[in-house]
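# Fold and geometry: a report
Now for the letters of each chain:
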Amino acid sequence: MNDRDALTAYAASFVDELAENGVKHVVVSPGSRSTPLALLLVEHPDIEIHINVDERSAAFFALGMAKALKEPVGLLCTSGTAAANFYPAVIEAFHSRVPLIVLTADRPHELRDVGAPQAIDQIHLYGRQVKWFVEMALPESTDEMMRYARTVGARAVATAAAQPAGPVHLNFPLREPLIPNLEQAKEFRQKQPAPAVLIESGMRTLSASQIESIAATLSQAKQGLIVCGELPDPEMKEAIVAIAETLAFPLLADPLSQLRSGSNNKDVIIDAYDTFLRDDAAKAAFSPAVIIRFGAMPVSKPLLLFMKKQKQAITLVVDGGAGWREPAGLATNMIYCEERDFCQRVGEKITSAAGDEWLRLWQDVNGATKNALASVHDEAELSEGKLFALLADMLPPKSTLFVGNSMPIRDLDTFFMNNEKGIKILANRGANGIDGVVSTALGVSTVAENTVLAIGDLSFFHDMNGLLAAKLQKQDITILLINNDGGGIFSFLPIANEKEHFEMLFGTPHGLDFSHTAKLYGGKYNKVQNWDELKSVFTESFGIQGLKIIEVPTERESNLHKHRNLWSFVSQEIKWVLNREIS
């Protein structure tokens, strides 16, 4: 068998095994060295490829698809710095537990470290930011090597998907010729038994005695708290709500937990904690004996600071992925058990619940805070807080909201309250970067209807080239571009007091006219001037195909003062509630 036949048999075996193990989507960035894999992927009837010419954008696009689908998505590029451009998204996938299968083509061994073009050291290129790395063998057509290719493909899918999910990296050294025999590949695929290996994976669980012990501890706690961040599986939320109700513990739900929007019971869900935990009187009123945490660490910094001070509390961190998501450094128990299993089994063993007064105090403070925050609806001029307060009403049911980092995710946390609409909220909170957000949202929009991206101007600028995917693949997405001409979040930090250098180093005004961006990428553009115009244009956008950019101009200094005035008003309302409770 010649080199071309060996390449075809080997690479076709690998690609077919990806498909047999459930990989349905692969994002491909064009290049020469990756030709055989690209051609075999596009020819495979069970795999859909998505072309993205910019590798950094492509990687975040794949990340978005995998995040929305909650299943492994493939990612392919040629050799050299193309692979290096995947790195930011690989980091995000690793820290946010998103399954990616990163496939990088490479020069064969004889062309490494000899000055050959497009040849860099790709061995362990992503270091410890991937779950598994394999330097693939050179193509051969023996039965042993074809089974090897299939086995690696199966392991890659299983490893990426196993909790904690994350990226794996397979590096393919390939010699010329690089053109496989596609007819032979088709015949080969039809003859092959599939798959080469079935990998069965179970969930982590606890013994009966461990469950009994934990239930006894929780039954004795009269003042407990449940904190829920981003969850690996939205189906967990019913079980988490159920155990909160059984224990009569308030459930502080991060917007990425998916607990704030949907049909689940919300009586125990506290959604305004980010605001009232800024208040000293409120923090002093709450002293939990037990804290149970599920999911990633929530967005809210006031909540993190509050938890750090609860040194008296028994803190249980429940993680079915067996990680170490505990930046507060206060965990007394790291519990490696699938979250739903934990809630159901422990809930069955609870013998008593916390007092009604404890839960009611949280509910009363939460209600007063929400009433105070509702005053944001009275603002006449465009503002960031009111925008996020309105989104729950403006978004269609079952839509998906992707939120950029810095101020957008924080305003969402503050102003996006409990609702019944089943709005899925996503964000890149692994490494919390502003890079690749546009591309990630576009990846989400590939598999989710009525996708909206709410993003700041600097983050939008950082990934404008990602919009090419929207143009070429006719993606349907509505982008709310919040433009305060710079880095608005820095105005809330102590560095803002250093007036002399603040604007140059942190404010970073750019003065860009984003209407040109929309024109370049074939999108519909509106720059709204008032709330009525925003509501009208936003509602109409869901009936228009393609890319829609709605620019919402705001003013950084005004936004800062509005937030501070609102926090002051909330503090007054909280004091009234607490005084009433004491009396």
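Residues numbered from 1 in each chain as written. Predicted model: local features only at pLDDT ≥ 70, side-chain atom pairs only at ≥ 80, totals over all residues. Heavy atoms only, no water.

### Some thoughts on the packing of aromatic side chains
Scanning the entire structure with this criterion turns up 11 aromatic pairs. With a centroid separation of 6.1 Å and 65° between ring planes, the pair formed by Phe294 and Phe342 is classed as edge-to-face. Of the two residues, Phe294 sits in strand S10 (residues 290–294) while Phe342 sits in helix H13 (residues 339–349), which places them 48 residues apart along the sequence. Both residues of the pair, Phe294 and Phe342, belong to the buried class. Grouping aromatic residues by their ring pairs yields a cluster made of Phe276, Phe286, Phe306, Trp358 and Trp362. (Phe/Tyr/Trp six-rings, centres within 6.5 Å; stacked < 30°, edge-to-face > 60°. Helix = DSSP H or I, 4+ residues; strand = E, 2+ residues; numbered from the N terminus. Buried < 20%, exposed > 50% of the residue type's maximum accessible area, 1.4 Å probe, protein only.)

### Let's talk about the sheet that holds strand S3 (residues 73–77)
Ordered in space as S2-S1-S3-S4-S6-S5, the six strands form an open sheet in which the pairing is parallel. Strands at the two margins of the open sheet, each flanked by one partner only, are strand S2 (48–51) and strand S5 (132–135). Going from strand to strand, the sheet's axes swing by 20° on average, the running direction of each strand aside. Two elements, strand S1 (residues 25–28) and S3, share three bridges in a ladder whose sense is parallel. Its bridge partner lying in S3, Val27 is registered against Leu75. Along the sheet face, helix H2 (residues 35–43) touches S1, S2, S3 and strand S6 (167–173) and points at about 145° away from the line of S3. (Pairing = 2+ DSSP bridges. Axes fitted to C-alpha atoms, helices over the stretch in contact; angles between N-to-C directions. Contact = heavy atoms within 4.5 Å.)

### Quick look at the sheet that holds strand S17 (residues 524–527)
With parallel pairing, the six strands of this open sheet are ordered in space as S14-S13-S15-S16-S18-S17. The open sheet terminates on both sides in strands that have one partner only, identified here as strand S14 (424–426) and S17. Going across the sheet, the axis of each strand differs from the next one's by a mean of 20°, ignoring polarity. The sheet contact formed by strand S15 (residues 451–456) and strand S16 (residues 477–483) spans five bridges and is parallel. Bridging from a neighbouring strand, Ala454 pairs with Leu480 of S16. The strands touched by helix H16 (residues 407–415) within the sheet are strand S13 (400–403), S14, S15 and S16, with S13 carrying the most contacts at an inclination of about 130°. Where helix H22 (residues 531–541) meets the sheet, it contacts S15, S16, S17 and strand S18 (547–553), and its direction lies at approximately 165° from that of S18.

### Side note on the packing of helix H3 (residues 55–69) against helix H17 (residues 437–447)
At a minimum axis separation of 6 Å, H3 and H17 run at an interaxial angle of 45°. Between H3 and H17, the interaxial angle falls into the category oblique. Along this stretch, H3 crosses H17, giving a crossing that reads as right-handed. Here Ser57, Phe60, Phe61, Leu63, Gly64, Met65, Ala68 and Leu69 of H3 lie close against H17, whose contacting residues are Ser439, Thr440, Leu442, Gly443, Val444, Thr446 and Val447. In the contact of H3 with H17, the residues fall into nine nonpolar, six polar and no charged. (Parallel < 35°, antiparallel > 145°, perpendicular 65-115°, else oblique. Left-handed = near helix turned anticlockwise from the far one by under 90°. Nonpolar A, V, L, I, M, F, W, Y, C, P; charged D, E, K, R; others polar.)

These figures capture arrangement, not role.
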